[in-house]
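Here are the chains, one letter per residue:
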Amino acid sequence: MTITASLLGTVLSFLIVAAATYVTTSVLSDGASVAYSLLTAAITSVVWFGVTYFISGVVGVGGYAVALGPALAVIAYVITVDILYEKGIGQAIAISVGTWTISFIILYVAAYFGYSSFQALGVPPGI
């Protein structure tokens, strides 16, 4: 895979997550914004990467504890959504699950038709 294809895949997956965030927040809360959904996708992707990299890469846990990185990343992801939308932890969980579900559906359909790999930037993979 070339760098151009990787970059295009990254941008498209980011836009899928931003669109999924926008759809979810427009259904679950008032005042959904495309710009704020893009910001949310950017921040949550950095949080997800940062936590998983720090726990799995820097700390270097092994064995069953290797699941600690993704588990803590999910918690950090939901807390980040809670901070960004200020609607409470229940609403943050609903937004996170909704975003993941919509992203999952879009990526599944794209992968089925051979247009994409089954992953996205800014949303927890395969929860």
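Structure's up top.
Everything numeric here is computed off the predicted structure, so don't read it as measured data.

S.K.: Describe in detail the overall build of the protein chain, supporting the description with residues and values.
M.R.: Within the protein chain one finds four helices and zero strands. For the protein chain, the succession of helices and strands along the chain, N to C, is α-α-α-α. Burial analysis of the protein chain (127 residues in total) assigns 31% to the buried set. In the protein chain, the share of contacts with a sequence separation of at least 24, taken over all contacts with a separation of at least 6, comes to 57%. Accessible surface computed for the protein chain: about 7500 Å², of which carbon and sulfur atoms make up 74%.

S.K.: So, unusual backbone geometry: which residues are in play, and what are the values?
M.R.: Even without glycine at this site, Glu86 takes up a positive phi of about 50°. Residue classification places Glu86 among the exposed positions, given a relative accessible area of 68%.

S.K.: Provide a residue-level description of the side chain of Thr44, including the pertinent values.
M.R.: On the secondary structure map, Thr44 appears in helix H2 (residues 34-59). The exposure class of Thr44 is buried, given its relative accessible area of 1%.

S.K.: How would you sum up the packing of aromatic side chains? Please name residues and give values.
M.R.: Taken as a whole, this structure holds five aromatic pairs when the rule is applied. The interplanar angle of 90° and the centroid separation of 5.2 Å between the aromatic rings of Tyr36 and Tyr85 together place this pair among those described as edge-to-face. Taken as a pair, Tyr36 in helix H2 and Tyr85 in helix H3 (residues 68-85) lie far apart in primary sequence, 49 residues in all. Put simply, the rings of Trp100, Phe104 and Tyr108 pair up and form one aromatic cluster.

S.K.: Go over helix H4 (residues 89-112) with me, naming the residues and quoting the values.
M.R.: Within an α-helix, residues lying three or four positions from one another point in the same direction, as the helix has 3.6 residues per turn. The first and last C-alpha atoms of H4 sit 34 Å apart over 24 residues, in line with the 34 Å expected at 1.5 Å per residue. Of all the positions in H4, only Ala92, Ile95, Ser96, Gly98, Thr99, Trp100, Ser103, Leu107 and Ala110 are classed as buried. Within two residues after H4, Gly114 carries a phi angle of roughly 80°, on the positive side.

S.K.: Summarise the nonpolar core; cite the residues concerned and give the values.
M.R.: For soluble globular proteins, nonpolar side chains are generally found buried alongside one another. In this structure, Tyr77, Val78, Val81, Leu84, Tyr85, Ala92 and Ile95 together form the largest nonpolar core, which totals seven residues. Broken down by secondary-structure element, the contributors of at least two residues to this core are H3 and H4. Looking at which element gives the most residues to this core, the answer is H3, with five residues. When near neighbours in sequence (up to four residues on either side) are disregarded, Leu84 contacts Tyr36, Thr40 and Ile43.

S.K.: I'd like a rundown of the packing of H3 against H4, residues and numbers included.
M.R.: Put simply, H3 and H4 touch, their axes get as near as 8 Å, and they point 115° apart. Classified by the angle between their axes, H3 and H4 sit roughly perpendicular to one another. The element H3 and its partner H4 pack so that their crossing is right-handed. Touching Tyr77, Val78, Val81, Asp82 and Tyr85 of H3 are Ile89, Ala92, Ile93, Ile95, Ser96 and Thr99, all from H4. Taken together, the residues that form the contact of H3 with H4 break down as eight nonpolar, two polar and one charged.

About the thresholds
Residue positions within a chain follow its written sequence, with the count starting from 1. Whole-chain, interface and lining totals are the exception, using all residues; otherwise, since this is a predicted model, local features are given only for residues with pLDDT of at least 70 and side-chain atom pairs are given and counted only at 80 or more. The side-chain numbers reported here are obtained from all heavy atoms of the structure, hydrogens and water having been left aside. Going along the chain from the N terminus, every DSSP run of H or I of four or more residues is numbered as a helix, and every run of E of two or more is numbered as a strand. When accessible area is computed with a 1.4 Å probe and restricted to protein chains, residues below 20% of their type maximum are described as buried, those above 50% as exposed, and intermediate ones as partly exposed. By definition, residues are in contact when any of their heavy atoms lie within 4.5 Å. The accessible surface values rely on the Shrake-Rupley method and a 1.4 Å probe; as for residues, cover is taken only from the protein chains in view. Two aromatic rings from Phe, Tyr or Trp, using only the six-membered ring of Trp, form a pair when their centres are within 6.5 Å; if the ring planes differ by under 30 degrees the pair is stacked, by over 60 it is edge-to-face, and anything between is tilted. One less than the number of residues in a helix, times 1.5 Å, gives the span that helix is expected to have. Residues enter a nonpolar core if they are buried and are Ala, Val, Leu, Ile, Met, Phe, Trp, Tyr or Cys, with the set joined through side-chain atoms within 4.5 Å. All axes are obtained by fitting lines to C-alpha atoms, using only the stretch in contact for helices, and the reported angles, taken between N-to-C directions, cover 0 to 180 degrees. Relative orientations are named as follows: roughly parallel for angles under 35 degrees, roughly antiparallel for angles over 145 degrees, roughly perpendicular for angles from 65 to 115 degrees, and oblique for any other angle. In this scheme the crossing of two helices becomes right-handed for a clockwise turn of the near helix relative to the far one and left-handed for an anticlockwise turn of less than a right angle. Residue classes follow a fixed rule: Ala, Val, Leu, Ile, Met, Phe, Trp, Tyr, Cys and Pro count as nonpolar, while Asp, Glu, Lys and Arg count as charged, and any other residue, Gly among them, counts as polar.

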